[in-house]
Amino acid sequence: MAYSELIKNFENIREYMREFYVYGFKSRNEYTGKSARSYDDERRRMESWLGEHMSFVRGSEGKNVFISIDSRIVTHNPLYKALKSKSFTDKDITLHFILFDILCSPDISLCLSEIMERADAYLSGFDEPMLFDESTLRKKLKEYTELGIIKAQKSGRKMLYRRSEHEMPDDINDVLHYFSEAMPVGVIGSYLLDKQKEHNDFFGFKHHYITSAIDSNVLAMLFSAMQKKSIITVTNHSRHFDRDTRLRLIPLRIFISTQNGRQHLLAYDAEYNRIKSFRVDYLSDIEIKESTPRFDELRAELDSMQSKIWGVTANRDKYGRDHTEYVEFTVHIDEDEAHIIRRLEREKRIGHIDKIDDNTYRFHAEVYDTSELVPWIRTFICRITDLDFSNKELEKRFKDDIEEMYRIYGIGEVSE
Amino acid sequence: MIFNEIYSVYYNAVARILDKLTDNNSADKDLAKIVEENAFGESVLTILPSLKNQKWQLVRQDMTTPIRHKPTMPMTEIQRQWLKAISLDPRIKLFRVELEGLDDVIPLFTEADYCVYDKYDDGDPYEDERYIDHFRTILTAMRQGHNLKIEINNRYGERVYIRCIPERLEYSAKDDKFRLVTSGCGFVRAVNLARIQKCKVYYGDDVIASGKYETEEENVTLEIRDERNTLERCLMHFAHLKKRVERSDDGRYLLHMSFDKGDTSEMVIRVLSFGPTVEVIAPESFKSLIKNKLIDQKSCELL
């Protein structure tokens with residue numbers, strides 16, 4: 001098949017985009033799961049979509065392609081472009097514009113044969129006019145009815161079609177500019193912005209993770225399932241075992257990180273009778289199944305667990321018993337370091353801070369997984385005076401790591 | 001679900017071409033420009049030929065179109081659901097807009113459906129009327145191209161008066177705060193919106209006509225040891241920065257990245273959070289900051 005900028009299936013390119021954006025050190029021959037042709041086509045597509053954001057480095061193993069974007073400089077997520085690349089047929093695009101020109105106002109209601117007749121008139125001026133049969137037109141109208149842009153209404157024995165009356169509200173450019181970057185599934189806001197003529201944009205974003213854009217379709221499906229309180233079946237890719245598993249889950253909540261850009265689904269897995277977390281970027285092929293009466297009860301259970309979740313790990317067994325650990329660390333603060341106390345207060349997600357004396361503060365918490373706190377505790381390196389984990393193995397590792405850092409950076413016993 | 005051709009850049013570009021053609025005939029170069037501005041790098045090789053050779057029967061040979069009205073499309077149901085979802089977010093109050101006609105719409109998500117679990121706890125007061133007024137005033141000044149007069153309390157609690165060119169409103173999801181990025185007022189480059197006490201559009205004659213907003217970049221090279229999944233964690237953590245990853249022949253990974261020098265303290269603790277599996281290679285000045293932290297830690301006698 002001839003190369004095209006457009007694609008039929010987004011899944012095929014999702015992994016390439018993540019590889020090029022997050023990693024970007026692999027050469028062509030390392031993409032072993034795909035054919036060389038597939039690699040070349042996907043790379044060329046991304047060059048076409050992302051232009052100046054694509055870069056190349058020639059290494060010993062060949063040319064490495066990567067995407068480099070300072071998300072503080074760009075005002076709109078460039079990765080949204082990938083979601084605007086769906087392929088279509090010549091008939092699709094022709095019919096789309098003719099249909100909405102025929103149904104140019106919500107006041108015009110026409111039956112199938114009337115629309116066909118008028119469409120033929122539009123095409124009569126062409127050398128070899130396209131022919132639309134009834135089935136093609138009916139299929140397109142059904143598709144657009146499901147999308148909500150066409151309304152179908154029975155009138156006697158006839159089905160009448162009209163354009164939906166839901167036009168985009170005026171004066172929401174600022175709203176769209178901001179929320180298309182700041183809210184989940186922001187690409188939908190970007191779709192709306194594309195229809196606007198004026199694009200004055202006054203917003204910028206710091207600490208802005210744009211990778212989640214490529215998971216927008218999955219996320220939208222998960223939200224939709226949650227609104228319907230439905231069960232889903234989904235394919236979960238295990239990176240560790242490089243294996244796909246089909247799961248049946250009740251999705252309960254999306255956990256979004258502002259500090260690493262990852263998104264997790266917290267869902268009930270009936271096979272293990274537990275609430276577990278799943279990386280959204282490893283999920284695909286979601287099918288929304290029947291609704292479940294257990295949704296509210298399970299979400300309430302997740303609510304009750306969140307006071308012990310630091311990151312995304314929950315550890316309540318099938319008998320309802322929590323398996324928690326205790327974490328405590330103490331920091332020393334100088335007279336002019338009140339900002340450290342503010343840091344502790346605003347950055348702690350759970351747990352408590354006790355003032356021991358004017359210069360000493362202690363954080364303590366009961367958590368499902370101590371290892372999730374370790375990176376945060378390390379940010380207080382230079383002032384940690386005491387540490388007490390109930391998970392002694394982790395406590396030892398934490399201390400060993402600090403010892404190793406002393407060694408790496410040459411912090412000697414005496415001279416320093 | 002949301003990957004559909006009706007949202008594609010091709011449909012958007014064709015809509016704009018037809019919009020132009022319903023007004024009058026347009027030169028080829030105008031149409032090519034529309035494609036360049038609205039579609040992808042190579043789209044010009046497909047869109048215009050497909051219209052001209054009547055593969056897509058929307059433009060006749062004489063470059064007229066049978067389309068009579070400017071192309072428009074109503075909102076899809078999922079677009080309405082997304083708008084409904086943002087209408088429920090407290091930050092919508094900042095924009096003082098009424099998103100009407102959504103009463104019958106089920107939101108795509110509500111705040112019960114997602115949790116931003118690691119944002120800081122002292123976010124901005126989005127429902128505070130004075131804060132909203134300041135936000136609106138800043139937007140007005142930017143839209144009208146005027147200077148701003150601001151009174152702020154600095155970090156020492158002192159009142160500071162500045163006049164500046166408002167460049168943009170910068171939001172950090174991690175801090176859950178807006179900052180006003182400014183130029184033309186010397187030492188003040190950014191102001192936390194929540195610190196602003198008073199804010200007015202300046203309509204006077206003594207206008208600051210132009211200012212430069214320049215950030216000083218710091219370049220850092222880190223060596224990543226791929227243990228405990230550090231490679232993935234680290235590359236994702238720093239994914240929002242301009243970066244390049246290099247794998248050396250001996251299996252080491254070098255991450256070269258650049259950031260705003262004003263964020264150095266934050267970057268130091270972010271690097272520290274990875275422990276010994278991420279080591280600063282360069283520059284020496286950044287490495288020294290890490291070393292100083294470790295020296296201080298050593299004096300805490302934790303081990």
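Residues numbered from 1 in each chain as written. Chains lettered and ligands numbered in written order. Predicted model: local features only at pLDDT ≥ 70, side-chain atom pairs only at ≥ 80, totals over all residues.

### Considerations on the domain arrangement of chain A
As far as domains go, chain A holds domain 1 (11–77), domain 2 (90–163), domain 3 (211–308) and domain 4 (325–408). Computed from C-alpha coordinates alone, the two centres of domain 2 of chain A and domain 4 of chain A are separated by 65 Å. (Domains from an automatic or database assignment.)

### Re the interface of chain B and chain A
Frequently, the measure chosen for interface size is the accessible area that the parts lose on association. Each partner contributes residues to the interface: chain B has 103 residues there, and chain A has 120 residues. Counting residues per element, the side of chain B that touches chain A draws most heavily on helix H8 (residues 284–299) of chain B, which supplies 8 residues. Grouping the amino acids of the side of chain B that touches chain A by side-chain chemistry returns 54 nonpolar, 19 polar and 30 charged. Summarising the sheet, strand S8 (residues 243–256) of chain A and strand S1 (residues 114–116) of chain B pair through 3 bridges and their orientation is parallel. Bridged to A:Ile256 within S1(B) is B:Val116. (Contact = placed C-beta atoms within 7 Å. Helix = DSSP H or I, 4+ residues; strand = E, 2+ residues; numbered from the N terminus. Nonpolar A, V, L, I, M, F, W, Y, C, P; charged D, E, K, R; others polar. Pairing = 2+ DSSP bridges.)

### A word on the environment of B:Leu302
As for its placement among the helices and strands, B:Leu302 is situated in the segment after H8. What B:Leu302 contacts, discounting residues up to four positions off in sequence, is A:Ile384, A:Thr385, A:Asp386, A:Leu387, A:Lys399, A:Ile402 and B:Gln297.

### Overview of helix H1 (residues 9–23) of chain B
Over its 15 residues, H1(B) extends 21 Å from the first C-alpha to the last, a length consistent with the 21 Å expected when each residue adds 1.5 Å. Of all the positions in H1(B), only B:Val9, B:Tyr10, B:Tyr11, B:Ala13, B:Val14, B:Ala15, B:Arg16, B:Ile17, B:Leu18 and B:Leu21 are classed as buried. Where H1(B) is buried, its residues contact helix H3 (90–102) of chain A together with helix H2 (28–38) and helix H3 (47–52) of chain B. (Expected span 1.5 Å × (residues − 1). Buried ≥ 20, exposed ≤ 12 C-beta atoms within 10 Å, placed from the backbone.)

### With respect to helix H4 (residues 77–87) of chain B
Most of H4(B) is tucked away: 9 of the 11 residues are buried. The set of residues buried in H4(B) consists of B:Ile78, B:Gln79, B:Arg80, B:Gln81, B:Trp82, B:Leu83, B:Lys84, B:Ala85 and B:Ile86. Buried residues in H4(B) make contact with helix H6 (173–182), helix H7 (187–194) and helix H8 (216–227) of chain A.

### A closer look at the sheet that holds strand S8 (residues 242–247) of chain B
Residue and element names in this part refer to chain B. Ordered in space as S8-S9-S7-S10, the 4 strands form an open sheet in which the pairing is antiparallel. One side of each edge strand has no neighbouring strand; the edge strands of this open sheet are S8 and strand S10 (278–282). Pairwise comparison of adjacent strand axes, ignoring direction, gives a mean angle of 30° for this sheet. With 8 bridges connecting them, strand S7 (residues 217–224) and strand S9 (residues 253–260) associate as antiparallel partners. Bridged to Ile224 within S9 is Tyr253. Contacts between H8 and the sheet are confined to S7 and S10, with S10 contributing the most and set at about 140° to the helix. (Axes fitted to C-alpha atoms, helices over the stretch in contact; angles between N-to-C directions.)

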